[in-house]
Number of protein chains: 2
Amino acid sequence: ESGATLQTRYLLNGALPAQDVASLLESSPPKERKLLWELIEDKNQGEVLQYLNEDIRLQFLENMSTQRVVAVSEHFESDDLADLLQHLPDKVVSEVLLSMPPQDRLRVEALLSYSEDSAGGLMNTDTITIRPNITLDRVFRYLRQYKKIPDMTDNLLVVSRSNRLLGTLPLAKLLICDTKTTVRDIMETDHTAIHSDTSVSEVAQVFEKMDLVSAPVIDRSTGKLLGRITIDDVVDVIRDEAEHSMLSMAGLDDDEDTFSPIMKTTRRRAVWLGINLITAFIASYVIGLFQHTLNQVVALAVLMPIVASMGGIAGSQVLTLVIRGIALDQIGSANMRWLLNRELIVGLLNGLLWSTVIAILTAVWFDNIKIAYIIAGATIINLLIAALTGTLLPIFLKKLGIDPALAASVILTTVTDVVGFLAFLGLATIFLV
Amino acid sequence: ESGATLQTRYLLNGALPAQDVASLLESSPPKERKLLWELIEDKNQGEVLQYLNEDIRLQFLENMSTQRVVAVSEHFESDDLADLLQHLPDKVVSEVLLSMPPQDRLRVEALLSYSEDSAGGLMNTDTITIRPNITLDRVFRYLRQYKKIPDMTDNLLVVSRSNRLLGTLPLAKLLICDTKTTVRDIMETDHTAIHSDTSVSEVAQVFEKMDLVSAPVIDRSTGKLLGRITIDDVVDVIRDEAEHSMLSMAGLDDDEDTFSPIMKTTRRRAVWLGINLITAFIASYVIGLFQHTLNQVVALAVLMPIVASMGGIAGSQVLTLVIRGIALDQIGSANMRWLLNRELIVGLLNGLLWSTVIAILTAVWFDNIKIAYIIAGATIINLLIAALTGTLLPIFLKKLGIDPALAASVILTTVTDVVGFLAFLGLATIFLV
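Rules used in this analysis
- Residues numbered from 1 in each chain as written.
- Chains lettered and ligands numbered in written order.
- Predicted model: local features only at pLDDT ≥ 70, side-chain atom pairs only at ≥ 80, totals over all residues.
- Heavy atoms only, no water.
- Helix = DSSP H or I, 4+ residues; strand = E, 2+ residues; numbered from the N terminus.
- Rg over C-alpha atoms; globule rule 2.2 N^0.38 Å.
- Buried < 20%, exposed > 50% of the residue type's maximum accessible area, 1.4 Å probe, protein only.
- Contact = heavy atoms within 4.5 Å.
- Least-squares fit on C-alpha atoms with pLDDT ≥ 70 in both.
- Axes fitted to C-alpha atoms, helices over the stretch in contact; angles between N-to-C directions.
- Left-handed = near helix turned anticlockwise from the far one by under 90°.
- Nonpolar A, V, L, I, M, F, W, Y, C, P; charged D, E, K, R; others polar.
- Parallel < 35°, antiparallel > 145°, perpendicular 65-115°, else oblique.
- 1 Å grid on protein atoms, 1.4 Å probe; cavity = no way out; pocket = protein on both sides within 12 Å on 5 of 7 lines; lining within 4 Å.
- Points joined across faces, edges and corners; volume = space filled by probe spheres on them.
- Salt bridge = Lys/Arg side-chain N within 4 Å of Asp/Glu carboxyl O.
- Domains from an automatic or database assignment.
- Pairing = 2+ DSSP bridges.
- Patch = residues over 30% accessible without salt bridge, like charges linked within 9 Å, V, L, I, M, F, W, Y side chains within 5 Å.
- Areas by Shrake-Rupley, 256 points an atom, 1.4 Å probe, with all protein chains shown as cover.
- Lys, Arg positive; Asp, Glu negative; His and termini not counted.
- Charge placed at Lys NZ, Arg CZ, Asp CG, Glu CD.
- Buried area = accessible area lost by both parts, 1.4 Å probe.
- Phe/Tyr/Trp six-rings, centres within 6.5 Å; stacked < 30°, edge-to-face > 60°.

**Looking at the overall build of chain A**
(1) Moving on: From N to C terminus, chain A includes 21 helices and six strands.
(2) Moving on: Relative to its length of 433 residues, chain A is extended, with a C-alpha radius of gyration of 30 Å against a globular reference of 22 Å.
(3) Moving on: Expressed along its principal axes, the backbone C-alpha trace of chain A runs to roughly 90 × 65 × 35 Å.
(4) Moving on: Residue burial in chain A is summarised as follows: out of 433 residues, 55% are buried.
(5) Moving on: Counted over contacts in chain A with a minimum sequence separation of 6, partners at least 24 positions apart contribute 66%.

So this is what it looks like as structure tokens:
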């Protein structure tokens, strides 16, 4: 074994924190990633796995024996383990569950019953619960029995005998109050409790708005305590959501691994290119309708991409803004009309401004005042259509249950291309030929 | 006063939490926003202001008398106040500072000396510090003197007599250890301390990687404790950063308010449209070079947008992926060559696939096998150039200190348009005319 390998092995097995090893794997091309992974000792792999992004984690797990999966699963918290098991074959899942202590197994099985996109799927079961009628003194004594208080514990959860959530006792309050008082006297009852069927994106909004570190999760009908959600898991949701729009608008997958292998990348990208090819041929078809006109005035062919391109740019600005507004839950029927109005006026004003510039440049270039008028008119029309489409399309898709970030940009481009060519060549056919 | 107004006034002044009032204002068009704001009583405005996004908060503050600004500033934590003051006129700033108790003033003045984009600008000064040689018993007694422990306190900070940070004492540990032990015995010395000049994006990465709730900030040279950063402020950074790429790629401003007024919106958008108009004219100029060819074969005019569009789509996929990779700090000299290679091969494979499809459709449509060959060749060339530009351009811009999210998409479109038209019309001129 070479000195370099020895040193790498040393770095990967303890010298670097597991989080850094995970980042290193994520920034490595597939072959190097595999080599590095093999240098990590079995006993350290579990900890590194838990920090890897889901796509890559799954790749490694799929290549492990069931026995190894069982071994590394010890390192995971119950919520992470449940997430993981959802993607593994049933046979492996049951082996892992069988290997666990009965209490942990029940916990993970319960978590497996929630959807990954709900608060239930995001929650953990490591709550510390207390009863309302005890004194703070007893709370202190109770806590001292713990070997370790779970990370991100900022509240103790106060529950009834039947495990209904009654309130929370923030550690910050526990530490400053008289130890003779009872929990009931100082517990907070205006705490934020999350229902297990709440969507993760709503959970993220609540955490952001209320500046929470953790929040209890309860059953909607019984009010019983099920677990808690912590900010570290919510941060992942926030990052994923914010990235989702950007990646989807380019037709990329959410958990797209920057260094995924060639064939996988080719296949994923091919689909998007194919869809866009259809829109390109639709635009070409529209141009094809005006071959006769183009044959007579070749300047039209030279200028026509300008109209389409200005519409596309203006439309995608509106689209991006509206998609973000929808994601932040800012846009509803109350303000939609105002928004549409503003976008149409902004489109008109920018249309007037830039179509004047385009007209002057065209008149000078081709020494033809008629074409200048025609391209100016077409540009204004296309900017108005872009504003209309950019505002209403994502709202409409959202209502249909279609992800606007994914579908809207393709449709918008088709619209602005088609309208751009149609308006410009159409006006030219009427007034020029 | 009508019943509806009365009810609104009731909702805005206490019935709704300040966070919800802030969301409501953010989702309202300018006129409604102003009306709602005026219904909020003076004494409640400060709390609402603190939850508003920066852009809108500033608008309200700019219209307030200095005296009112002084009054509402009482509601802000020192870090938020420092951020705010950075955007206000010097005269107002000095009035606000003068109105504060001397100790608070010193604190805010110190914060004002840090850049908004550094850990110093993000930190707060509400730390709880203890000395290493005292027993936990004394720590408990010391904490009980607090009326309120600052939000998001998960660690007590252990400092030397000269205020150098020696370690941290997690509350979770304080609560389970024997009260006779001293702080020094159980404090953690492998805590994550952040230097005041660290960039906010690095701070966010550290918080995400280490799953932190709060982290102490120290001076790089002296090791002295300056303050602490809490996860709620980091969450804002994470959301802003993730949104930044998406908004910038469409030429939108970071703190773009979804409901900003017409003239402001028109002005901001106009600049982006103007820049894109230049690139559109460059593309047109290239087409103009081939007027003679277009005059002879009008089918070329019909088909040419396809080549440019496929290049643009393929390029923006690569670009989006690389921009995200750069933002996540995943791309460096070690893996750049691998990435470029992959993108070129993916571009070639998708080029071969889709150019075949395009060639067949073209051959059928125009009954001309020569044009089919030409458009296929041009498409492959453009997809390769798109892969090259999409990968290298953002890395290159980043090295020059230019924000790739803002500049790269315009440049990329110019390249794929120009190359698309040049390759297609150029090949046609050579082989067809």
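**Things to note about the relation of the copies chain A and chain B**
The relation between the two chain copies is a rotation about an axis coupled with a shift along that axis.
(1) Moving on: Mapping chain A onto chain B calls for a screw motion: a turn of 180° about the axis and a shift of 0.0 Å along it, with 0.1 Å RMSD after fitting. When the rotation and shift are considered jointly, the pair of chain copies conforms to a two-fold rotation axis.
(2) Moving on: When the interface residues of chain A are mapped onto chain B, 100% of them again lie at the interface, so the same face is used by both copies.

**Examining the packing of helix 16 (residues 262–288) of chain A against helix 19 (residues 333–366) of chain B**
(1) Moving on: Direction vectors running N to C along helix 16 of chain A and helix 19 of chain B enclose 35°, while the axes themselves pass 9 Å from each other. Here the hand of the crossing between helix 16 of chain A and helix 19 of chain B comes out right-handed.
(2) Moving on: Here the residues of the contact of helix 16 of chain A with helix 19 of chain B sort into 16 nonpolar, six polar and three charged.

**So, the packing of helix 16 of chain A against helix 18 (residues 299–327) of chain B**
(1) Moving on: Running from amino to carboxyl end, helix 16 of chain A crosses helix 18 of chain B at an angle of 155°, the nearest separation of the two axes being 9 Å. If you check the angle between helix 16 of chain A and helix 18 of chain B, you find them roughly antiparallel. The way helix 16 of chain A lies across helix 18 of chain B gives a crossing that is right-handed. On helix 18 of chain B, the residues touching R269, W272, L273, N276, L277, A280, F281, S284, I287 and G288 of chain A of helix 16 of chain A are A301, V302, L303, P305, I306, S309, M310, I313, A314, Q317, V318 and L321 of chain B.
(2) Moving on: Its residues assigned to classes, the contact of helix 16 of chain A with helix 18 of chain B comprises 16 nonpolar, five polar and one charged.

**Considerations on empty space enclosed by the protein**
Any empty space left between the atoms is revealed when a probe the size of a water molecule rolls over them.
(1) Moving on: Counted under the stated rule, the structure contains six cavities of 30 Å³ or more.
(2) Moving on: A volume near 1,200 Å³ is recorded for the largest cavity.
(3) Moving on: Going through the elements one at a time, helix 15 (231–249), helix 16, helix 18 (299–327) and helix 21 (404–431) of chain A together with helix 15 (231–249), helix 16 (262–288), helix 18 and helix 21 (404–431) of chain B are the ones with two or more residues in the lining of the largest cavity.
(4) Moving on: For the lining of the largest cavity, a count of residues per class yields 28 nonpolar, 17 polar and two charged.

**A few points about the pattern of salt bridges**
(1) Moving on: Counted by the stated rule, this structure contains 32 salt bridges over all chains.
(2) Moving on: Taking the shortest distance from any N to any O, the salt bridge between K43 of chain A and E41 of chain A comes out at 3.2 Å.
(3) Moving on: On the basis of relative accessibility, which here comes to 60%, the residue K43 of chain A falls in the exposed class.
(4) Moving on: For E41 of chain A, a relative accessible area of 34% corresponds to the partly exposed category.
(5) Moving on: Across the pair R239 of chain B and E243 of chain B runs a salt bridge whose closest N-O atoms are separated by 4.0 Å. With R239 of chain B and E243 of chain B both in helix 15, this residue pair falls four residues apart, about one helical turn. Per residue, the accessibility class of R239 of chain B equals that of E243 of chain B, and both read buried.

**Some remarks on the domain arrangement of chain A**
Many authors give the size of an interface as the accessible area that is lost as the parts come together.
(1) Moving on: Here chain A is partitioned into domain 1 (3–115), domain 2 (129–230) and domain 3 (262–431).
(2) Moving on: Centre-to-centre, using C-alpha coordinates, domain 1 of chain A lies 47 Å away from domain 3 of chain A.

**Notes on unusual backbone geometry**
Residues and elements named next belong to chain A.
(1) Moving on: Phi at M152 takes a positive value of approximately 60°, unusual for a residue other than glycine.
(2) Moving on: Mapped onto the elements of the fold, M152 is located in the loop between helix 11 (136–144) and strand 2 (155–159).
(3) Moving on: Although it is not a glycine, D367 sits at a positive phi angle of roughly 50°.
(4) Moving on: Here D367 lies in the loop between helix 19 (333–366) and helix 20 (369–399).

**Thoughts on helix 5 (residues 54–62) of chain B**
(1) Moving on: Of the positions making up helix 5 of chain B, those classed as buried are D55, I56, R57, L58, F60 and L61 of chain B.
(2) Moving on: In this fold, the buried residues of helix 5 of chain B make contact with helix 2 (18–26), helix 3 (30–39), helix 4 (42–49), helix 6 (66–73), helix 7 (78–85) and helix 16 of chain B.

**Section: the sheet that holds strand 5 (residues 214–218) of chain B**
All names here are of chain B.
(1) Moving on: Taken in spatial order, the three strands line up as 4-5-6 in an open sheet, and their pairing is mixed. Each edge of the open sheet is held by one strand with a lone partner, namely strand 4 (194–195) and strand 6 (225–230).
(2) Moving on: For strand 4 and strand 5, the ladder comprises two bridges, and the chain directions are parallel. Looking across to strand 5, one finds that I194 is bridged to V217.
(3) Moving on: Relative to strand 6, helix 14 (residues 200–210) is tilted by about 65°, and along the sheet it contacts strand 4, strand 5 and strand 6.

**Observations concerning a negative patch on the surface**
(1) Moving on: Side chains of E54, E77, D236, D240 and D254 of chain A together with D211 of chain B sit close together on the surface and give a patch of like negative charge.
(2) Moving on: Structurally, the position occupied by E54 of chain A is in helix 5 (residues 54–62).
(3) Moving on: Overall, the relative accessible area of 35% leaves E54 of chain A in the partly exposed class.

**A look at the interface of chain A and chain B**
(1) Moving on: Tallying the contact residues gives 110 residues for chain A and 110 residues for chain B.
(2) Moving on: Taken over both partners, the interface formed by chain A and chain B buries close to 10,100 Å², and the fraction arising from carbon and sulfur atoms is 69%.
(3) Moving on: Per-residue buried area on chain A facing chain B is highest for L175, R239 and Q317 of chain A; these three make up 8% of the total on that side.
(4) Moving on: Counting across the interface, chain A meets chain B through eight salt bridges.

**Let's talk about the packing of aromatic side chains**
(1) Moving on: On inspection of all chains with the given rule, the structure shows eleven aromatic pairs over all chains.
(2) Moving on: Centroid distance W365 of chain A to F281 of chain B: 6.4 Å. Interplanar angle 45°. Geometry classified as tilted. One end of the pair, W365 of chain A, is in helix 19; the other, F281 of chain B, is in helix 16, on a second chain.
(3) Moving on: You can call F281 of chain B buried: its relative accessible area is 13%.
(4) Moving on: Three or more aromatic residues joined by ring pairs make a cluster, and in this case those are F281 of chain A together with W365 and F366 of chain B.

**As for the sheet that holds strand 6 (residues 225–230) of chain A**
All names here are of chain A.
(1) Moving on: Read across the open sheet, the three strands follow the order 4-5-6; overall the sheet is mixed. Looking along the sheet, the strands with just one partner apiece sit at the ends: strand 4 (194–195) and strand 6.
(2) Moving on: One ladder, built from five bridges, connects strand 5 (residues 214–218) with strand 6; its direction is antiparallel. Along strand 6, the bridge assignment pairs V217 with G227.

**A word on the layout of surface pockets**
Residue and element names in this part refer to chain B.
(1) Moving on: Roughly 370 Å³ of volume is contained in the second largest pocket.
(2) Moving on: Taken together, 18 residues form the lining of the second largest pocket, with K34, W37, Q59, F60 and N63 sitting closest to its centre.
(3) Moving on: Put simply, the parts of the chain that give the lining of the second largest pocket at least two residues each are helix 3, helix 4 and helix 5.
(4) Moving on: A per-element tally of the lining of the second largest pocket places helix 3 first, with five residues.

**Brief notes about a nonpolar patch on the surface**
(1) Moving on: A cluster of nonpolar side chains, namely I345, L348, L349 and L352 of chain A together with M263 of chain B, defines an oily patch on the protein surface of about 400 Å² accessible area.
(2) Moving on: No other element matches helix 19 of chain A, which puts four residues into the nonpolar patch.
(3) Moving on: By the element assignment, L348 of chain A lies in helix 19.
(4) Moving on: The partly exposed category is assigned to L348 of chain A, whose relative accessible area is 36%.

**Remarks on the environment of Q45 of chain A**
Residue and element names in this part refer to chain A.
(1) Moving on: Among the secondary structure elements, Q45 is positioned in helix 4 (residues 42–49).
(2) Moving on: In this structure, the C-alpha to C-alpha distance between Q45 and A71, residues 26 residues apart in sequence, is 9.7 Å.
(3) Moving on: If we ignore the near neighbours within four places in the chain, the residues touching Q45 are W37, I40, M64, R68 and V72.

**Looking at the pairing of strand 2 of chain A**
All names here are of chain A.
(1) Moving on: Counting buried positions along strand 2 yields five of five residues, so the element is predominantly enclosed.
(2) Moving on: The alternating pattern of strand 2 places N155, L157 and V159 on one face and L156 and V158 on the opposite face, and all of these are buried.
(3) Moving on: The sheet contact formed by strand 1 (residues 129–130) and strand 2 spans two bridges and is parallel. Bridge pairing in strand 2 links T129 to L157.
(4) Moving on: Connecting strand 2 to the antiparallel partner strand 3 (residues 165–170) that follows it, the hairpin turn spans five residues, and N163 within it adopts a positive phi of roughly 70°.

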